[in-house]
Amino acid sequence: MKLAPLFDKVVLKQLVAEETTKSGIVLPGAAKEKPQQAEVIAVGPGGVVDGKEVTMQVKAGDLVIYSKYSGTEVELDDEKYVIVKQSDILAVVEQ
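Keep in mind the model is a prediction, meaning the values are calculated, not measured.

Q: Can you help me understand the overall build of the chain in this one?
A: Helices and strands together make up the secondary structure of the chain, namely zero helices and eight strands. The order of α-helices and β-strands along the chain, N terminus first, is β-β-β-β-β-β-β-β. Across the 95 residues that make up the chain, the buried fraction comes to 27%. In the chain, the proportion of contacts linking residues at least 24 apart, taken out of those at least 6 apart, comes to 64%. Accessible area of the chain: about 6700 Å², with a carbon and sulfur share of 53%.

Q: Which parts of the structure should I look at to understand the environment of Ile83?
A: Relative to the helices and strands, Ile83 is located in strand S7 (residues 79-85). Considering only alpha carbons, one finds Ile83 and Leu3, 80 residues apart in sequence, at a separation of 9.7 Å. Excluding residues that lie within four positions of it along the chain, Ile83 makes contacts with Lys9, Val10, Val11, Gly71, Thr72 and Val74.

Q: Would you mind going over the environment of Lys2 with me for this structure?
A: When you line up the elements, Lys2 lands in the segment before strand S1 (9-14). As a C-alpha pair, Lys2 and Asp77 span 75 residues in sequence and 9.4 Å in three-dimensional space.

Q: Is there a simple way to explain the nonpolar core in this structure?
A: Across soluble globular proteins, nonpolar side chains show a tendency to be buried alongside one another. In this structure, Val10, Leu12 and Val84 are the most contacted members of the largest nonpolar core, which totals 13 residues. In this structure, Leu12 is in contact with Ala38, Glu39, Val40, Ile41, Val64, Tyr66, Tyr81, Val82 and Val84, ignoring residues within four places of it in sequence.

Q: Help me understand the side chain of Ser70 in this model?
A: Turning to its location among the elements, Ser70 is positioned in the loop between strand S5 (63-66) and strand S6 (72-76). We classify Ser70 as buried; its relative accessible area is 9%. Of note is the side chain of Ser70, whose polar atom sits 2.9 Å from the backbone oxygen of Ser67. Here Ser70 is in contact with Val82, Val84 and Asp88, once residues within four sequence places are set aside.

Q: Where do I start with the environment of Lys9 in this structure?
A: Structurally, Lys9 can be placed in strand S1. Spatially, the C-alpha atoms of Lys9 and Ser87 are 8.9 Å apart, while their sequence positions differ by 78 residues. In contact with Lys9, other than residues within four places in its own chain, are Val43, Gly44, Met56, Ile83, Val84 and Lys85.

Q: Please explain the side chain of Asp8 as it appears in this structure.
A: Along the polypeptide, Asp8 turns up in the segment before S1. In this structure Asp8 touches Val49, Val54, Met56, Val84, Lys85 and Gln86, once residues within four positions along its chain are discounted.

Q: Whenever I open this one, the pairing of S7 confuses me. Can you help?
A: Remark: a regular strand shows side chains that alternate across the two faces of the sheet. Looking at chain direction, S1 and S7 are connected through four bridges and run antiparallel. Looking at the pairing, Leu12 lines up with Val82 of S7. In this sheet, S7 lies alongside S6 in antiparallel orientation, the contact comprising five bridges. From the neighbouring strand, Val74 faces S7, where its bridge partner is Tyr81.

Cut-offs applied
- Residues numbered from 1 in each chain as written.
- Predicted model: local features only at pLDDT ≥ 70, side-chain atom pairs only at ≥ 80, totals over all residues.
- Heavy atoms only, no water.
- Helix = DSSP H or I, 4+ residues; strand = E, 2+ residues; numbered from the N terminus.
- Buried < 20%, exposed > 50% of the residue type's maximum accessible area, 1.4 Å probe, protein only.
- Contact = heavy atoms within 4.5 Å.
- Areas by Shrake-Rupley, 256 points an atom, 1.4 Å probe, with all protein chains shown as cover.
- Core = buried A, V, L, I, M, F, W, Y, C linked by side-chain atoms within 4.5 Å.
- Polar contact = N/O pair within 3.5 Å; in protein donor to acceptor, adjacent residues only side chain to side chain.
- Pairing = 2+ DSSP bridges.

This is the structure we're talking about:
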């Protein structure tokens, strides 16, 4: 099954949270912070949203940083995804 976002929505797959700190301390499950970095899985077509023309700026495969409390979490085929508006994406990580 495949997710196909509508309008200005973007499907993201979160990157794995760090299990240890830089100093080597192992974090228990409750202490791990939800990562804000994700890979773009699918992108909506854009179009007119709330009376404004929206052009999509990201594409599948991009690594992005998004707002901490944005989006809707969904689970599909035992995989967890986050669906956000394009405006909730703060930056594209260039490698």
